[in-house]
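Results of the structural survey
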Amino acid sequence: MSKLYERLAAYGNLNVSPFHMPGHKRKSGRFSLGDPFAIDITEIDGFDNLHHACGILKEAMEEAAAVYGAQKSYFLVNGSSCGILAAVSACVPQGGTLLVARNCHKSVYHAIALRGLFPLYLWPDPVPGWGMNGAVKPEEVEEALLANPDVKAVLITSPTYEGICSDLRRICETAHRQRVPVIVDAAPGAHFSFWEICEAAVSCGADLVIESLHKTLPSLTQTAILHKNSSFVEEKLLEWYLQVYQTSSPSYVLMASVDSCISYMAGKQGKGDMEVYVSELGRLRQRISGLSHIRLLSGEETGGIFYDDSRLVVRAEGWSGRQLYDSLRLRYGIQPEMCTENYVILMTSVADGPEDFLRLSDALAELDRKWKEKDRGPAEEADGPAGFLKPQTVLRPGEAMEKKMLSCSLEVCEGRVSGEFAYVYPPGIPVLVPGERITAEVLKILKGYEEGGFEVLGPENFAGGEMLVIEEEESELGKNFLYNGKERFR
Ligand SMILES: Cc1ncc(COP(=O)(O)O)c(C=O)c1O
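What you see is a predicted model, and the numbers here were worked out from it, not measured in a lab.

1. Comments concerning the sheet that holds strand β2 (residues 72-76)
With mixed pairing, the 7 strands of this open sheet are ordered in space as β2-β10-β9-β8-β7-β3-β4. Of all strands in the sheet, those bounded by a partner on one side alone are β2 and β4 (118-122). For this sheet, the mean inter-axis angle between neighbouring strands, taken without regard to orientation, is 20 degrees. By the bridge criterion, 5 bridges tie strand β3 (residues 97-101) to β4 in an arrangement that is parallel. Following the sheet pairing, Val100 is matched in β4 by Tyr121.

Printed below as a string of structure tokens:
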């Protein structure tokens, strides 16, 4: 057996509670599809072709569309990332303009770079005291659309990684008045259609919605779905891009997992299990909310229209996110999804049992009891992530990436134009995008990440104190060089 397999098998035998993706929580008995080798086939007779579906896959996708209330749904086997690439490519022509929330996942930026698009940013408001992005305001979407009639699509992430939901209904109404389609990256919200407290993006009128089933539902990693619900998006073009960005050998194991997951969630068993999960989750949230020094993010604080209660975003007074994350992991065998400098994200799903919730609430209650006055530290509001810095966009990301670059020491790259992305994963939201000006604030945030034990990804040699910048000086780049907001096409 391989080392990787052995490591995975050994990990599976440890008594660790998974408060992270995938949503099946490794409950193989409950969601098993049996031996994966026994059902791993290719496009043999009787089994259809994902990219030209006309048999059993077409039927399965039609059933999924009926469950979600979409015109058409497409199974994705390369995660939400491939759905996002296809959605953006189908809506915005090469070199066109995308109105996009700045707190988007890197796959959105990849689409922008690959298609040579002009990103026009919407800046979500920060959530006070938490250092995270909040919701996108419909009024800002309207203002941006009226000022920029060349925008070809709007792209919003809702829910966010932290569970914050924008008012998609109003955003879609606004965009549709201008005949502009809305793409919703709902990767962390695949459970919304099976849970009454949050309205799913498809029901809000979004034109294209991408959801990672693997993140919050009992489905295998890499499985996702794209829903089309629009007359603004050309179906043939979307389908063409889907087969461009997905493998030509889609796994039937993964597709069977998508199909089984949707049948389970829409069926009697899933509905019953959801009821139990939601009521257990309510009790868990109540217990954590009653703690004195550990704080649970509540929907009211976020400024969003809904809040995804399945996400537990917690912080301990005076502690860094890393301290709380490590305590949960090392002292209590609880593996969270991620941490930032300030908080920890724990993901729950229908696959969690009461024993998992009890273990978590007992651990948090004990940490709360053991909290000491000296832990409080200096009274300091959480810093916002770099998303709030609004770096100036100087060149389109795709254009910047093709320019000649030079390696520049971090000490002297301030003021230069970046040739690289810089982000921490998760969440994979870029702090800096190619073509943006490197400012002292951006460098401070990136260095702070590194000091806090987070690896800065994107730059070839950030750890070695270097970044790639565009070689040409600003004055040499000519009049097309500068663009920012309304001035961008000068
Ligand atoms: C908001 C968001 N969008 C898209 C993605 C990409 O999803 P996938 O990993 O299914 O490709 C992620 C992954 O973390 C995400 O958080």
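There is more to say, and it comes next.
2. As for the site of the ligand
Of all residues adjacent to the ligand, which total 15 residues, the nearest are Gly79, Ser80, Ser81, His105 and Ala187. No other element matches the 3 residues that helix α4 (residues 79-91) contributes to the shell around the ligand. The residue makeup of the shell around the ligand, split by class, is 6 nonpolar, 8 polar and 1 charged. Lining the shell around the ligand are residues from two domains, each supplying at least three of them: domain 1 (28-266) and domain 3 (386-487).

3. Side note on helix α13 (residues 321-332)
Taking 1.5 Å per residue, 12 residues should reach 16 Å; α13 reaches 16 Å between its end C-alpha atoms and fits that length. Considered for burial, the residues of α13 that qualify are Gly321, Leu324, Tyr325 and Leu328. The arc that holds every buried residue of α13, seen down its axis, measures 100 degrees, which confines them to one face. Residues of α13 that are exposed and point more than 90 degrees away from the buried face comprise Leu330 and Arg331. In the core, the buried residues of α13 are packed alongside β12 (311-316), β13 (334-336), β14 (338-339), β15 (344-347) and α14 (354-370). Gly333 sits one or two positions beyond α13 and adopts a positive phi of about 65 degrees.

Calculation criteria
Residues numbered from 1 in each chain as written. Predicted model: local features only at pLDDT ≥ 70, side-chain atom pairs only at ≥ 80, totals over all residues. Pairing = 2+ DSSP bridges. Helix = DSSP H or I, 4+ residues; strand = E, 2+ residues; numbered from the N terminus. Axes fitted to C-alpha atoms, helices over the stretch in contact; angles between N-to-C directions. Near = placed C-beta within 6 Å. Nonpolar A, V, L, I, M, F, W, Y, C, P; charged D, E, K, R; others polar. Domains from an automatic or database assignment. Expected span 1.5 Å × (residues − 1). Buried ≥ 20, exposed ≤ 12 C-beta atoms within 10 Å, placed from the backbone. Arc of directions from axis to C-beta. Contact = placed C-beta atoms within 7 Å.

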